[in-house]
Every structure is written in structure tokens, then in C-alpha cells.
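# Structural features, examined
Listed below are the residues making up each chain.
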Amino acid sequence: METASPPGQSNDSVEDRTAAQRYMIQVNGVLHDVKNEDPLMSLAEYLRSVLHLCGTKTMCHEGGCGCCVVVLEYDNPTKPEKRIIKSMNSCLFPIGSLLSLKNHQVVTIEALGSMKKGLHPIQQRLADYNGSQCGFCSPGFVMQMFGLLKNKPSPSFQDVEDNFDGNVCRCTGYRSILDAMKSFVKSTDTKLRGSFIDIEDLMSCTKIRRPCTRSSLGEIASSTSPAEGTTSMLFSKDGLKWYQPTELTQLYLLMQEHSSETVKLVHGDTAKGVYKKDGPYQVLIDVKGIPDLYKVTMGPNGLKVFSNVTLSSLIGYLKQYSDQSLSYNVIARHLLKVANGPVRNAGGWAGNLMMKWKHHEFVSDVFVAFEVAGAKLTVGDIAELNTYTPAQFLDVNMNGKVLLCVEIPKLAESERMNSYKIMPRMQNAHTYVSAGFRVQLKALDKKQLVESISMVYTGINETFIHAVATEKYLQGKDITANATLQGALTTLDKEIIPDEDNPLLASAEYRKSLALGLFYKFFLSLLSEGVVSPCNRSATCSLERPVSTGKQTFSSKPEEYPLTKPMPKLSAYKQTSGEAEFINDLLPLPNELFAMFVLSTEGSATISNIDSTAAMSVPGAAAVLKASDIPGCNTFMPPPYEAEEILSSGPVLYAGQPIALCLADSQHHALEMVEVVKVTYQDQQPPIVTLDEAIEKKSFYPSPGKGLLVGHPEDAISESPCKIEGEVRAGEQYHFHMETQICRCMPTEDGLDVQAASQWLDLAQQAIACAIGIPATDINISAKRLGGAYGGKATRASLVACGAAVAATVLCRPVRCIMDLSTNMKAVGKRHSYIFKYKVGFNEDGKLNGIIITYYADNGCSPNDNEVGESLVFSDNVYKCQNWKLIPVALKTNRAAHTWCRAPGSVPNIFVIETILEHVAKFLNLDPIAVKQKNLYVQGDITPLGFNLPYCSIWDLYSTQLEKVDVAGRLQAIKKFNADNRWKKKGLAVVPLKYGLYWSESYYLCTVSIFASDGSVMISQGGIESGQGLDTKVAQVCAYALGIPVNSISIKPTTTISSPNSGPTGGSMTSELNCLGVKNCCEILKKRMDPVKDTLPPGTPWKDLVAACFKAKVNLTAQYWVWPDAQPKRAPQYNSYGVTVAEADLDVLTGENQISQVDILFDCGESMNPDIDIGQVEGAFVMGMGYWLLEKMIYDPSTGEVLNPGTWDYKPPFSKSIPINFNIELLKNAPNPMGVLRSKASGEPPQCMSCVTLFAVKHAIEAARQDVGKDTYFPLSGPATVDVIQASCLVDYKHFSI
Ligand SMILES: Cc1cc2nc3c(=O)[nH]c(=O)nc-3n(C[C@H](O)[C@H](O)[C@H](O)COP(=O)(O)OP(=O)(O)OC[C@H]3O[C@@H](n4cnc5c(N)ncnc54)[C@H](O)[C@@H]3O)c2cc1C
Ligand code: FES
Ligand code: FES
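Residues numbered from 1 in each chain as written. Chains lettered and ligands numbered in written order. Predicted model: local features only at pLDDT ≥ 70, side-chain atom pairs only at ≥ 80, totals over all residues. Heavy atoms only, no water.

## Details of the overall build of the protein
Looking only at helices and strands, the protein features 36 helices and 45 strands. Relative to the globule expectation of 34 Å for 1298 residues, the C-alpha radius of gyration of the protein, 31 Å, shows essentially globular dimensions. When its C-alpha atoms are laid out on the principal axes, the protein stretches across 95 × 80 × 70 Å. Across the 1298 residues in the protein, those meeting the buried criterion constitute 65%. Considering only residue pairs separated by 6 or more positions, the protein has 77% of its internal contacts joining residues 24 or more positions apart. Accessible surface, the protein as shown: approximately 45,100 Å² in total, 52% of it carbon and sulfur. Distance between charge centroids for the protein: 4 Å, based on 122 positive and 134 negative side chains. (Helix = DSSP H or I, 4+ residues; strand = E, 2+ residues; numbered from the N terminus. Rg over C-alpha atoms; globule rule 2.2 N^0.38 Å. Buried < 20%, exposed > 50% of the residue type's maximum accessible area, 1.4 Å probe, protein only. Contact = heavy atoms within 4.5 Å. Areas by Shrake-Rupley, 256 points an atom, 1.4 Å probe, with all protein chains shown as cover. Lys, Arg positive; Asp, Glu negative; His and termini not counted. Charge placed at Lys NZ, Arg CZ, Asp CG, Glu CD.)

## Description of the sheet that holds strand β20 (residues 447-458)
On the basis of which strands lie adjacent, the open sheet formed by three strands has the order β18-β19-β20 and antiparallel pairing. Among the strands making up the open sheet, the edge pair consists of β18 (415-422) and β20. The average undirected angle you get between the axes of adjacent strands in this sheet is 15°. Note that β18 and strand β19 (residues 433-444) share eight bridges and pair antiparallel. Within the sheet, the bridge partner assigned to Met 417 lies in β19 and is Arg 438. Sheet strands touched by helix α14 (residues 365-373): β18, β19 and β20. Its angle to β19, the strand with the most contacts, is close to 15°. (Pairing = 2+ DSSP bridges. Axes fitted to C-alpha atoms, helices over the stretch in contact; angles between N-to-C directions.)

## Side note on the nonpolar core
In terms of nonpolar packing, the biggest core is built from 241 residues, with Tyr 457, Phe 519, Ile 916, Val 1017 and Met 1089 touching the most fellow members. A total of 11 residues in this core trace back to one element, the largest contributor, which is helix α18 (residues 508-526). By size, the runner-up hydrophobic cluster in this structure holds 60 residues, among which are Ala 622, Tyr 654, Cys 743 and Val 806. (Core = buried A, V, L, I, M, F, W, Y, C linked by side-chain atoms within 4.5 Å.)

## As for the pairing of strand β23 (residues 605-611)
Bridge analysis of β23 against strand β25 (residues 651-652) gives two bridges, and the strand direction is antiparallel. Along β25, the bridge assignment pairs Ala 605 with Val 652. In terms of strand pairing, β23 meets strand β27 (residues 678-682) through five bridges, oriented antiparallel. Each residue of the ladder has a partner; that of Ile 610, found in β27, is Val 679.

## Some points on the sheet that holds strand β35 (residues 848-858)
Across a sheet, paired strands are connected by hydrogen bonds in the backbone, their directions being either parallel or antiparallel. Taking strand neighbours across the sheet as the criterion, the five strands line up as β28-β36-β35-β34-β29 in an open arrangement whose pairing is mixed. Of all the strands in the sheet, the pair left with one neighbour each is β28 (708-710) and β29 (722-730). Sheet twist, expressed as the average angle between the axes of neighbouring strands with direction ignored, equals 10°. Sheet strands in contact with helix α27 (residues 906-924) are β29, β34 (834-842), β35 and β36 (883-891), and its direction is about 140° off that of β29.

## Section: the site of ligand 1
In the vicinity of ligand 1, 33 residues are found, and the nearest of them are His 267, Asp 269, Thr 270, Gly 348 and Asp 365. Within the side chain of His 267, one N or O atom sits 2.7 Å away from an oxygen atom of ligand 1. Interatomic distance of 3.0 Å between a backbone N/O atom of Gly 268 and an oxygen atom of ligand 1. Burial of ligand 1 by the protein amounts to 96% of the accessible area it has alone, namely 970 Å². For the shell around ligand 1, the secondary structure elements donating two or more residues are β11 (263-266), α13 (349-358) and β17 (402-408). Top contributing element to the shell around ligand 1 by residue count: α13, with five residues. (Near = heavy atom within 4 Å. Polar contact = N/O pair within 3.5 Å; in protein donor to acceptor, adjacent residues only side chain to side chain.)

## Considerations on the packing of helix α34 (residues 1170-1189) against helix α35 (residues 1251-1267)
Contact geometry for α34 and α35: axes closest at 7 Å, N-to-C directions at 45°. By the angle between their axes, α34 is oblique relative to α35. Where α34 abuts α35, its residues Phe 1181, Met 1185, Trp 1188 and Leu 1189 lie against Cys 1251, Val 1252, Thr 1253, Leu 1254 and Val 1257. Along the lines of polarity and charge, the residues of the contact of α34 with α35 split into eight nonpolar, one polar and no charged. (Parallel < 35°, antiparallel > 145°, perpendicular 65-115°, else oblique. Nonpolar A, V, L, I, M, F, W, Y, C, P; charged D, E, K, R; others polar.)

## With respect to α34
Each α-helix turn comprises 3.6 residues. Residues three or four places apart therefore point the same way. Between its first and last C-alpha, α34 extends 28 Å over 20 residues, near the 28 Å set by a 1.5 Å rise per residue. In terms of residue burial, α34 counts as a mostly covered element, since 20 of its 20 residues are buried. N-cap assignment for α34: the residue whose side-chain oxygen lies 3.1 Å from the backbone N of Asp 1171 is Asn 1169. (Expected span 1.5 Å × (residues − 1).)

## Here we look at the pattern of salt bridges
The tally for this structure, following the rule as stated, stands at 61 salt bridges. One salt bridge in this structure joins Arg 170 and Glu 1191, with 2.7 Å as the shortest N-O distance. Highlighted residues: Arg 170 in the loop between α6 (157-162) and α7 (175-182) and Glu 1191 in the loop between α34 and β45 (1221-1226), separated in sequence by 1021 residues. The exposure classification of Arg 170 matches that of Glu 1191, with both residues buried. (Salt bridge = Lys/Arg side-chain N within 4 Å of Asp/Glu carboxyl O.)

## Let's talk about the packing of aromatic side chains
In this structure the tally under the stated criterion is 32 aromatic pairs. Note on Tyr 834 and Phe 836: the rings are 5.0 Å apart at their centroids and 5° apart in plane angle, and the pair reads as stacked. Residues Trp 983 and Phe 1296 carry aromatic rings whose centres are separated by 5.5 Å and whose planes lie at 90° to one another, so their mutual orientation is edge-to-face. With Trp 983 in the loop between α30 (967-980) and β37 (984-997) and Phe 1296 in the segment after α36 (1282-1288), this residue pair connects regions lying 313 residues apart in the sequence. Across the pair, Phe 1296 and Trp 983 agree in class, each one buried. These aromatic residues form a ring-pair network of at least three members: Tyr 420, Phe 437, Tyr 457, Phe 464, Phe 519, Phe 522 and Phe 523. Above the plane of the ring of Phe 582 lies Arg 785, whose end atom (NZ or CZ) is 5.9 Å from the centre. (Phe/Tyr/Trp six-rings, centres within 6.5 Å; stacked < 30°, edge-to-face > 60°. Lys NZ or Arg CZ within 6 Å of the ring centre and 35° of its normal.)

## Description of the pairing of β45
Within a regular beta strand, the side chains point alternately toward one face of the sheet and then the other, so they alternate between its two faces. Taken across its six residues, β45 has five buried, putting it largely inside the fold. In this sheet, β45 lies alongside strand β44 (residues 1153-1162) in parallel orientation, the contact comprising six bridges. Residue Asp 1159 lies in a different strand from β45, and its bridge partner there is Asn 1223.

Encoded structure:
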């Protein structure tokens, strides 16, 4: 261990100070002096660490998740009478930048409203609509909406829907959030709850206590203006200078003066969200205080826009002047696909182009749009101005120069222009390939001759810009001739040579095919109706996504309220107001340190040395801990689990494995330390990175179970008239909890006080005890709430818990151990990935005879969280077959040990059996919906594991749902659509569900205490609130059981003091089992209180009854230990059933797709709270959609290191990824005789039906293959990303015709 001497006064001093008033920033109406702060500190860090305004959250620190959104207001530099108001990501914006914005004001969630002062209508609505589950994302959504309403008090539904392209919510599935926000649309035709609110109410901030208008900021009008005069130096220390010029000449002079140093111009400063390692810089020049750089003029040559104009403003101007040139709308549409709203609000077009200038491989959308439009860029320095095309600009020596302005010409009458961006997700995603085309045509007789054409691409390779050869070929050609198209395609095919060696890019074949397909789209769009065949016309348009909608249907029993009452989560209001505290929101304790892991970059090696010298010289560095510093056992998985080292003691099992722990006075400094720790390795071996390698090398863990053999599957298959064999795969899924792994430990006289973001406190307690070598009783561990978990914080949370505990013990200081997103994605395992191999025998009518499936599951470097043997119970889903052989194989690879992820095992297992049924149907050329129906279980059937199905309702549900959502009619319509359209297809699929719930592995201690003084009730339980609504359901049950109002009940944080030995929160059953425990506690209490009650007059108020009981010496605390016995033959406690129908639209040429409709019928028993259960269904389903259609982990093939550990390359669903028409029905009148208060679980089962979206897309692909005569079975593995889908469509440019 290396440690630093005790912290003293920092010797960083600001050398140059001018005009103290320049260092004031205003947040929520309060002025703050920032002269002692680092101007580079992000606004988010300042808000959270300095002002302790922790309602603003942080997660990705790269502009990709939206939880840090705040609203910024300042005087418009060119029209001071007007205010600019915009939402932006506080994680990217440096506080120094605020000083160049006149009369600025930062508005955070705290200013809008609070539980005490009253909630802002947006906060209130979001909670009322159940749009907040774990609540971590909620402040970001609220602020993003606030920003919209400030700018557009009467938004349309479309405005609202477009507004959230920068906000991630992993819990809700977005529908409820969008509904809450749409309730602010002034519309007579709304079915939404709530009504339009007066704009005055919407605009006021309770904290500022007056509307956020300029008048309220008059007091700082002069204090924050940028420096005027000759010196524009704001700050200088440690060789870094920060300038704030107010005139263009000042800027030029500064550029000249510092031309030999590394200079960065600071505008939005968003580029660092993409290129984090650019720099270091010696000189920073904030250009935002220069009014000349905000100029915009519309002249005869076109629109001239200077470089301080943000992307959002540029889009606004392009729309404003769209009547002047048809191209302006095209560019505006293209720029709307850049990044997301908050990034576009801060970032400028100039910064974007400079990114392209610096990193030629950068897939700049601005570059494509400007280049194709024929824009001219002006670059200036003190001596001269020069004008270039964007392509020429890339080779200009920009040293000492400023990108001054862009002039975007008008399109000539005879010109046509369009652009396309194909990306991995519909919103907030970088491009795979962007293309822009501009053509000038001349009509001659019936011909359309090309006078000139510009074809611009990005995403092909670092240098490819214009398709020069094709442009040349087309010169003078007649576009109405099919031969012209064919000639152009052949030429283009030759000149497009995509680079291949970057695993983060989509495949070279796909990008080439896109380049050809996008040209084809444009080409056809130039031709008039009569020229293009009606079938091919479908190539020209993009998929239209109308405003989404959804219906939620359920029943409840008012006579039982608050049980079965649809009501928002109790803590939802604290969450939407930003007052709900997560661990990283806790104020630092005196002397607290921040810890971050150093990760291995090798996949299979031995550490020979860890050099922490450079790390210890980082300001604020406190210590670097190694494995030898761990006082107890070096494992975060205590016995009986197999040891998994907290810090590697030498052997490295995967790239991403923690090998040292850096401690500093801030998270920022700890991260700086991590970056400079030098690790050397020896004995490097080629790691096993893929499942195929593991299978080939027989790298298996000991058998995770015998598997299952029922009947004689081999014989049944060989004797069947029909048989198939196949293979299909399912990938990994990062949990993407918005609160990353975190734990804080504080040494006390008692041992350690621990706040852990863990789904399993008991395990974390045992792990810490083992790592420190102290008894479990010395560890007081608690969790109030988790910012999402989904299984990722069950066993894996013990890693950060042990890290924090070891450091706190060794250094005798409080320690907060946190993983940033990148560390979390690299160090922690994900949902297991699979290869499934199967053989099936069946009859001509599709009836199953025998099934053999081998499940190869990647467990990574440890078998601890194995799921493959356990999950065979899900293998049959709803299908009856007499002969089964199921073989589980757990693969050992050099990847992080994989762990449980929402519906572990069941999601992939149900996918493979659904794949089999689809395969059978295709083989027989039968309708898969009918084949599935033929094989459904009926009441009383026996499953392969020998369980009886006494309440099986799947047959009825299946036929009812097919009829209700008119599957037959829609299939007809789809068939016609597919026949009429060559390049757009539709598909529809149905997936039924049987999901067994097992109670016997779960155990919780519940305590209910009544306070004698006022009758209020306190509950502590063993489950942990992580967004699933556990606390609310438990309170509802308690209120129902005791006959008291819900608001007299308080749910306390889960702790090992009040609920020791409790099991993990997971597997969907935690809510119901804690409800059971609390119900039983209430019954015990009632039994004790009844004799006293009998002595009191009927109707005695609860408070008086409690007081009388206390007087009568009744014990007002009851405990119940819930640990249900296994059902006979280890059968599930009960099964949940459901049926989901999904319909998909597909763009064959690009692979882009959207789910146009989903109808879920789910059996939730008698839902304890339909609002919460619907939220669970939607959230689970959308998380599953992400798994099947979007989310892909990418590994370095040589080391196994995760290559996409962030929001730029890993794509969970966004609000426009969800079904356009999303309908959920909870089965009515369906009491569950085997459940708690007749309910059923909802957290995981619906996710198993999400593969229906993949199958719907697959049917659309089949229609495309039919057009090329290849409509035979093909496997579609998950994730079926756009590139995979397009490749499956067998697109070949040789099939393109007019
Ligand atoms: C989450 C996220 C998603 C994104 N998605 C996309 C996307 O889909 N497509 C896409 O094309 N881009 C995307 N981007 C990039 C984004 O468009 C840029 O970050 C932004 O436009 C940069 O502008 P800025 O004002 O913040 O530049 P800054 O970060 O302030 O500056 C960037 C660079 O430009 C230089 N610079 C700035 N202004 C000038 C000037 N006037 N003269 C000379 N040099 C100057 C600076 O010195 C610096 O080196 C994304 C960015 C983020 C963070
Ligand atoms: S933390 Fe700022 S966008 Fe993610
Ligand atoms: S509620 Fe949105 S991430 Fe949890």
C-alpha cells in the first residue's frame, strides 16, 4: 500500500485574479463565488459536491443518459433583451463557462419544487402517472420537460415525444413518462389524466419564489459580465490559462500569442463526451463571450451562420428560412439526428467540424450535411480570412486559427437534395453510415439528365468523402433509364471500400450495402410516379413513427382499497422532486475518501508489478491499495461460494478485473489516479473470449446439474416423420442500472457502518466480515433504495462493498467506493450469453414428439452465479412434448463472471423453445401461430419436470388474445402490404408464456411496530426497494390488514440490524413474500390487540385503540420470518401466464425497424397495485426489447476487454424504441389461489415474452427473403441489431431496379 501524508491545505493558488465580481455564478437565484474552484470542474460536480444540490444526478459523464440535465438561462448575446433558455447536460459543462454568459442562471430540480414547499406540476404529474420507479432518472426527465415548457409553453404531442432523445430510463419502459409529459399538451382530445395547467404555474420555481424571468436576475447584471478591455485572462494556475475574450480581435490575438501551445476553444465543451482523452491543454479560450460569433444573416448567397451558434439554434434558423431553400429542411432534419437535445443545445456546429478535423474517422453528421449542401467555411486568424469547402477544411492547418462561419447556399430550382443517417438506435446514436446527395437535373424530351451530382458519405473509411467515380459516371446520364441506375451502382460498388478492422463499427458488408441502398433510395425519389414501379416506391420513404400511444386495462376491487388500488409509489414524489437520496447523494463525512478500482487490461496473465508512484502524485491522492493490503480473505464471494478476488493477488482472469484501489479526496482525483497507475504483466496467454472458443477448447465448469431426460427423445426424433436441427444464440445484456455500483463504509467504535447499493445485504455483510476478518455482528449494513438493480447488484454489489470496507478499515477513514459507468461495464459480469443447439422430431401437423437441446451458457471466469442448470424449468414454456433431453453446459471464459439479470435463464430458455416452434412451422410451411396453438398445454397436463398444471389457462388466453387483437385480420393486411411493397415489410408474431414462480429459495424477516404515542406504524422488511414498488405494496397490505390509512405507515431502510439473515431481493417474489411477512405480522398484532379492542366501544379510533393496548401492556411489535416450504416435488408455487402479440415494420434496405404495436395480456392474479404491476410489465418488456433488438456487448478479440463501456456504443432502449401502440391488459377476475392475497408477481415474467419483437421482425425479414426466392428457415439470434437484420434480408444491389 502506498499512502499520502494527512491532507493539509492545498497549495494550489490562483495566481492571476482580476475583477472578483467575474467569479460569481448564479444557481437557483443564489449567487455563489467560484473563485476558489477549478473552472474546469463540471457544473454537475459543482452542484453536487460544493453546493450539495444532489437532486441533479450523474451517471455516464458523457452526455448520453440525461440524468444530469439542468436548465440554463442567459442573455442572448446578440439581442440582450431576449433570454436564451435551454436544458443541457451539467456533466459536460464546466463552471468556468458560466462566467462568459451574461446574467446567467442555472435552474436545478431543487428550484422547481419540493415535498415541503409544494411540488412543481411536472414533478407531481410524473409521480402521479407512475413515471418514476427507482427514481434515479426522474430529475433529468423533469428538467428536460421544464426546458421544453419554458421555450414552448404550448407544446404539441410530437414536441413532447421528440423532447426526450437524451434521457435514459431503464425501469419504466417510458410509456408512463411520456403520458405524464403529454398531459401538459393543450388538447381537447386527451384521454390522459390531469388537465392542462396555466402557464404561470408551470413557469414558476418555488425556490426562486418568482417566475424565472430576467427581472429576477437584475441584481447580478453587472457582476458576471465577461472581462472587457485588453486582458481577457480569467485564471491561470499550474501552467493552465483560461481566457474569456469578448471581441473577435482579442481571440485572434490570443490564438497568435499561444500558437506554440496546445489551445482549446471552449464553446459547448461537449466534444469531451466523445473524445475523452483529447488534451491536455495549456490554454483554454472560452469563446462564448464574443457577440460577433453569434451572428446569423440570410443573404442572396444563402444562410451565413457564425461559429457560436449551437446546433439547436442552427436547426431553428434552417427551419425559419426553409422557404428560401428546399435544402434547409433537409439539413435541419439531418441535424436533428445529431446527439440529443441537451447536447445540441450546448454544442455547436463548429465544434463538431473541429472534431472531424482532428479525428478524421469521426462520423460527423454536420460534415455530411454541410458538404453535400455545398457549404463554405470561413477560417480566420489575425492576418487573413480564407474560405474552404468542408472537405478542403479537413486539410487546413488550424494552428492559431478560428473557424469563423459557414455559408449554406440556397438550392437552385433544378436541384434536389436529400440526406440519410442510419444508426444503431433511432435516437441519440452515432451513425453507421450517413449519406447526402445533391443533384442538378435538366429535362430534355422525356429524359432527366444529370448536370451535376454530389454524393457524400461518412462511415465508410477515414478518407472516403465523395463517391467521385460514381459522380463522374452519372454526369450527363438520363436517370429515367434503368441502365443509368445499374451503371451507377456498379461504379459505386467498386469505389466503396469500407475499413474492416474496427470491431466497434458495423460490418464492412453492411456499410457497403447501406451506401448502395441509400443511393438507390435517393435515385428512386428523383423519379416521378409513373416511372418507378409501384412496388419499388417503398424504397424512397423512411419509416414513419407517429406519436406513441398505449392503453392499460386492469380491474381492481374498491371494497378492498387500499389493497388492489392503483396508486403511485409512496416515494415517487420525493424521487421526482430530486429529494430521494441515493448513496452518492449522501454528504461526505469528515475525512471521507473516494475509491475507484484499477482494472486489468489483459485477459489471461499474471501481474508482475503495480507502480503507483505517478498515482500518488495526483492532487488529493491518499493511497493505492493492493491485494496484500486486504486484512482478511481476498474474496467478495464468501464460502460456500467459490472465491472471487476483490483485488487480483497476481493471476488475471479477465480484462476488467480489479487489481488495485485508488483513494483520493474526490471521485475526480481517484479517477485521475487510476489512469496513471502502471501495471506490468507476465505470462500472458491467449484468453478464451468467445463461446465458440470455449466449446472448441472444452473449457467447461463441472456439470451444473444432470440436465433432464424424459421419455426417449432420440427414438422419438428418429421415428418422427419430420425432424430439424438448428443453432441459435442469445447475447449478453448489461444491467444498465442508472445508479452504478456504489458503497460507503464508515469505521465506528462498533465496527463498520455500511450503506450499500446491494440487493443482498446479508451476502455483502458476510463478504465484508470475511474480507476484514471481523464478526458479522460488527457490520451494520443498510440500504434505503437502489437506483435500479435488475440482478446486477445481487452478488456483484459485494465487490464494491468489500472495496470500501477494506479501504475504510486499512485507512481508518470513511470510504465511498464507486464504479463509474466504464468501470462498471468492464469489471462486472452481465446477463449470460448462450449458444443453443437443438434437434426436434414432429408430425406433419407440427405436433412435437421429441426435443433435445444443449444449452451452452457463458459463465465467464467464475461459476458462482450459474443459471444454466437451474433454468431448465423454463425450457418447455407452454408446450407439451412427451420426450425431452436438456443438456446444460457452463462455459468458462476469460470474461467477467456473468450474473443474474432480470428473468435470468428464463429469458433465453423461452427464446430457444419459441425459436424451435418457429422453425418447425417454417419447415412445414405452416402458420407458426397455429403450430404453437397445437402444442399448448391444457389444464391438468404434466410438465417435463413432472409438475401438474391444475390452473393452466394458456389455451384460453391464447385464443382470446388472438381474437381480441384481430390477429387474423391483421395477418391478411400484412400479407397484402408485403406483396405490394418490395422494400418495406411488416411482420407479426405471437409468444405465449408460462412462468413458474419459486418461493422456497427466498427468506426475509419482517417487523411491524406500532408507536404507542400516535398509532403510526413502522415497517422494516428484508427486501430492498429498487424501483419495483416493494415498499408501496407492503404499506398497502399493512394498511389493509390493520384498517388504517397508508400515510400513517412508514417503511424504514432495510438493514441487517432489523432484518438480519434476509435473502436477496430478486426473482420477482420479494414483493409478495415481504407482503406475506407484513400481513402475518399484522395478524399477530391484531390477535394481541383484539382482546383490548373488545373492551372498547365499537368505532374507537385507531390511535385510542393503540394507546389502550399499550396501557394493557400489549407488545406492539411483531416479527415474521418468511421462508416458504418447497411445493411437493419442488414444483413452482404457481405459474404466471401471458400472451403477447407484436407487429413490426421493417426498412429492408437499411435494416431499420420499429415495433408498431404490442398487445400484452398478462395474468397478474389479483394485482395488489395495478399501476405498479403495469409499470413492471412495461419496464420488463422494454428491457427485453433492448436485449433482443439493440444491446450488444463488444469485446476485444485479443484481450477480451469490453470495447463499448459507455453510452456512445452500448444502446439500451430510448423513448422512441418502445412500441408505437403499447397496450397492456392485466387479466381480469383472476385470483391466484396459491399467491399472497390472490396476487401474482410481475417483475420478471413479462420480459420472457419480449422475444416476440424479434420474431415479428423475423417475419418481416421472411417476407423480404420471399421476394428473392429464399424463403427458407434461417436462425435469427439476439441481439438482432439493424446490421444483422439487413444482412438477413439478403439485400443485393443487383436486385435494385426502377
Ligand atoms: C452524447 C453525444 C452524442 C453525440 N452524437 C453525435 C452524432 O450523432 N453525430 C455527430 O455528428 N456528432 C455527435 N456528437 C458530437 C457533438 O455534435 C459535438 O460534441 C458538438 O457539436 C461539439 O460542439 P461544442 O460546441 O460542444 O464543441 P467544443 O467541445 O466546445 O469544442 C470541440 C473542439 O472544437 C474546437 N472549436 C470549437 N469552436 C471552434 C471554433 N470556432 N474554431 C476553431 N475551433 C473550435 C475546440 O477547440 C475543441 O477542440 C455527440 C456528442 C455527444 C456528447
Ligand atoms: S451524467 Fe450527464 S448525461 Fe449522463
Ligand atoms: S425510474 Fe427511470 S431509471 Fe429507474
